[in-house]
Amino acid sequence: MGDVPKITEDVIPEKPIKKNKFAFACAILASMTSILLGYDIGVMSGAVIFIQPDLKISDVQVEILMGIINLYSLIGSAAAGRTSDWIGRRYTIVLAAVIFFVGALLMGLAPNYAVLMFGRFIAGIGIGYALMIAPVYTAEVSPASSRGFLTSFPEVFINAGIMFGYISNYAFRTLPQHLSWRLMLGVGAIPSVLLGFGVLTMPESPRWLVMQGRLGDAKQVLLKTSDSKDEAEMRLADIKQAAGIPDYCNEDVVQVSNQSHGEGVWKELLLRPTPAVRRVLIAAVGIHFFQQSSGIDTVVLYSPRIFKKAGIVNNSALLGATVAVGFVKTVTILTATFLLDRIGRRPLLLASVGGMIGCLALLATSLTIVDHHAESKLMWAVALSIAMVLAYVAFFSIGMGPITWVYSSEIFPLRLRAQGAGIGVAVNRVTSGVISMTFISLTKAITVGGAFFLFLGIAMVAWVFFYTFLPETQGRTLENMGELFGMVSENGNKDGKESSGKEGQIQLSANNRPV
């Protein structure tokens, strides 16, 4: 039996000639699922201006309508981990597109509030699936040299979806009230159709293929998505090692037990995690919690209301200002994609949150001043409020936005990745739902400025957590990521224990020479 080289970050070419075009195309197609969430967030912020008077709903009903889709998405994100281990990453993306298509049609045709809420329930399930699977698939198909660049694509498309939603608001704003918001919401069904067909041209994740024992198929995908043939062979050897498949098993197909479908994963993650797995889980949950609790969805969802509070009262001007928010978010997220693999996750994240802290401080102060001088419009305070909203979303999109999805999709070990990412998405959506469903009530209780002072405090705690708890992951292969969290001891065993060859591994059948 020949020696198989140990895979470390050294296998990554120091100066790759160019980005792998095939991996780039796969990442784009997978990440386009995130347009579904972005479009829904963006379009609802403006559509509610017309929904509220048309359906005659209260502010509380508006809050529920805006934020409840985040809680509905929990169903999709909770099921997506097991579904993606069962039918594969690719067909899970197709399923997400189909579910969202049905939800978008229901929302667009809704005759009343009850049907509209049911449509959001269906769409939310599809969004939950999409949010979990896009970063996982992209991380698993990407070479380590450009994983940060490619895995940031879901956030890019969330921002693109938000901008398209804002543009849809602006385009349909002059139609009759009962028709405008229905078209705004119904148009969201179109990208899901295109996405469903496009994803069928993608290959399956090589790591999922290995977990099914399909080594030959996995090797073919790796040859297409790696920077070189040597790297493809090294990635395959590393994935086999992580999956518990011996080096000498080189058949195209090996038989594996049912453990390859994710059984026992929840016990390893939540009931009896090792110290290293617990630290990975806390890191993933923490970064998702702070991404949303620092207030980004309130700015995106309620930007018309915030701008109105700052002094803009015309509907066309309000919707035009929200388009500017979408434009700034999209431009800055595109910039971030090129920095993740050059600067690294940690420096970019800390700089991003630091900028958000400064913007939140100035935004909260300016909105408070505007509120206390409502009778005499202070143009400098109005201008500062608008500028700080734009600066805040820019700082968020340059680091906190994309890095949350990149980081949480790459730190979990192979066997726990799908369900671990699902937990992160669940925390993300619950936090977003709570924040967005209480924002109007919160502003009535402590004013708009007071609400942003609260988000300022949370952002400061987030910066301390990131500084003290999150290690740099730049340049690490997925299989060697565990070393950063103590999963491999000096003698090479996980968590300092003797390896039994069972935990987190695929068990080969007898005819495949198990360890």
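Please refer to the structure placed before this passage.
Just so you know, these numbers come straight off a predicted model, no measurement behind them.

Within the chain, the regular secondary structure consists of 21 helices and zero strands. Evaluated residue by residue, the chain yields a buried proportion of 59% over its 515 residues. Counting contacts in the chain only where the partners sit at least 6 residues apart, residues at least 24 apart contribute 84% of the total. With an accessible surface of roughly 19600 Å², the chain has 65% of that area assigned to carbon and sulfur atoms.

Moving on, we come to the environment of Gly81. For Gly81, the position within the fold is in helix α3 (residues 59–87). Judged by its relative accessible area of 1%, Gly81 is buried. For Gly81 and Gly422, which are 341 residues apart along the polypeptide, the C-alpha to C-alpha distance reads 5.9 Å. Gly81 has contacts with Met132, Ala418 and Gln419, leaving out every residue within four places of it along the chain.

Here we come to the side chain of Arg235. Tracing the chain through its elements places Arg235 in helix α12 (residues 229–243). It turns out Arg235 is buried and unbridged, and the closest side chain with the opposite charge, Glu231, is 4.7 Å from it. For Arg235, the side chain forms a polar contact with the main-chain oxygen of Thr225, separated by 3.3 Å. Setting aside residues no more than four positions away along its own chain, Arg235 makes contact with Glu140, Val141, Ser142, Pro143, Arg207, Leu222, Thr225 and Ser226.

This part covers the pattern of salt bridges. Throughout the structure, instances matching the rule amount to seven salt bridges. Of the charged contacts in the structure, one is a salt bridge between Lys444 and Asp59, with a shortest N-O distance of 3.1 Å. Placement of the pair is Lys444 in helix α21 (residues 417–469) and Asp59 in helix α3, with a sequence separation of 385 residues. Classification of Asp59 by relative accessible area gives partly exposed; the value is 23%. The shortest N-O distance in the salt bridge between Asp217 and Arg214 comes to 3.1 Å. Take Asp217: its relative accessible area is 38%, and that puts it in the partly exposed class. Using a relative accessible area of 32% as the deciding quantity, one classes Arg214 as partly exposed. Each of the salt bridges in this network shares a partner with another, and the network as a whole consists of Asp85, Arg89 and Glu140.

Positioned with a positive phi, Lys56 is a non-glycine residue whose angle comes to about 55°. Here Lys56 lies in the loop between α2 (34–55) and α3. For Thr447, which is not glycine, the phi torsion reads 75° and is therefore positive. Considering the arrangement of structural elements, one finds Thr447 in helix α21.

According to the stated counting rule, one finds 11 aromatic pairs in the structure shown. Ring geometry for Phe452 versus Phe455: centroids 5.5 Å apart, planes at 75°, classification edge-to-face. Here Phe452 pairs with Phe455, and both are found in helix α21, just three residues apart, close to one helical turn. Of the two residues, Phe452 and Phe455, both sit in the buried class. Ring-pair connections join several aromatic residues into one group, and the members of that group are Phe289, Phe290, Phe465, Phe466 and Phe469. Across from the ring centre of Tyr91, 4.8 Å away, lies the NZ or CZ of Arg90, which sits over that ring. The positively charged end of Arg279 is found above the aromatic ring belonging to Phe469, 5.3 Å away from the centroid.

Taken N-terminus to C-terminus, the directions of helix α4 (residues 89–108) and helix α5 (residues 113–141) make an angle of 155°; their axes are 7 Å apart at the nearest point. Regarding the angle of α4 to α5, the classification is roughly antiparallel. Crossing of α4 against α5: the hand is left-handed. Class assignment of the residues belonging to the contact of α4 with α5 gives a composition of 20 nonpolar, four polar and three charged.

Before going further, it helps to examine the nonpolar core. Among the nonpolar cores identified, the biggest contains 143 residues, and Ile51, Leu116, Trp181, Leu185, Ile411, Phe452 and Phe466 are the most heavily contacted of them. If sequence neighbours within four positions are ignored, Leu116 has contacts with Ile51, Leu55, Leu65, Met107, Ala110, Trp181 and Leu185. Counting 11 residues, the second largest nonpolar core, distinct from the first, contains Ala23, Phe149, Phe153 and Ile333.

With that settled, consider the packing of helix α7 (residues 153–171) against helix α17 (residues 315–337). Between two packed helices, what matters for the description is the angle formed by their axes and the separation of those axes. Between α7 and α17, the least distance of the axes is 9 Å, while the angle of their chain directions is 160°. Considering the angle they form, α7 stands roughly antiparallel to α17. The handedness of the crossing between α7 and α17 is left-handed. Counted by class, the contact of α7 with α17 contains 14 nonpolar, eight polar and two charged residues.

The rules behind each value
Residues numbered from 1 in each chain as written. Predicted model: local features only at pLDDT ≥ 70, side-chain atom pairs only at ≥ 80, totals over all residues. Heavy atoms only, no water. Helix = DSSP H or I, 4+ residues; strand = E, 2+ residues; numbered from the N terminus. Buried < 20%, exposed > 50% of the residue type's maximum accessible area, 1.4 Å probe, protein only. Contact = heavy atoms within 4.5 Å. Areas by Shrake-Rupley, 256 points an atom, 1.4 Å probe, with all protein chains shown as cover. Lys, Arg positive; Asp, Glu negative; His and termini not counted. Salt bridge = Lys/Arg side-chain N within 4 Å of Asp/Glu carboxyl O. Polar contact = N/O pair within 3.5 Å; in protein donor to acceptor, adjacent residues only side chain to side chain. Phe/Tyr/Trp six-rings, centres within 6.5 Å; stacked < 30°, edge-to-face > 60°. Lys NZ or Arg CZ within 6 Å of the ring centre and 35° of its normal. Axes fitted to C-alpha atoms, helices over the stretch in contact; angles between N-to-C directions. Parallel < 35°, antiparallel > 145°, perpendicular 65-115°, else oblique. Left-handed = near helix turned anticlockwise from the far one by under 90°. Nonpolar A, V, L, I, M, F, W, Y, C, P; charged D, E, K, R; others polar. Core = buried A, V, L, I, M, F, W, Y, C linked by side-chain atoms within 4.5 Å.

Keep in mind these values describe shape, not function.
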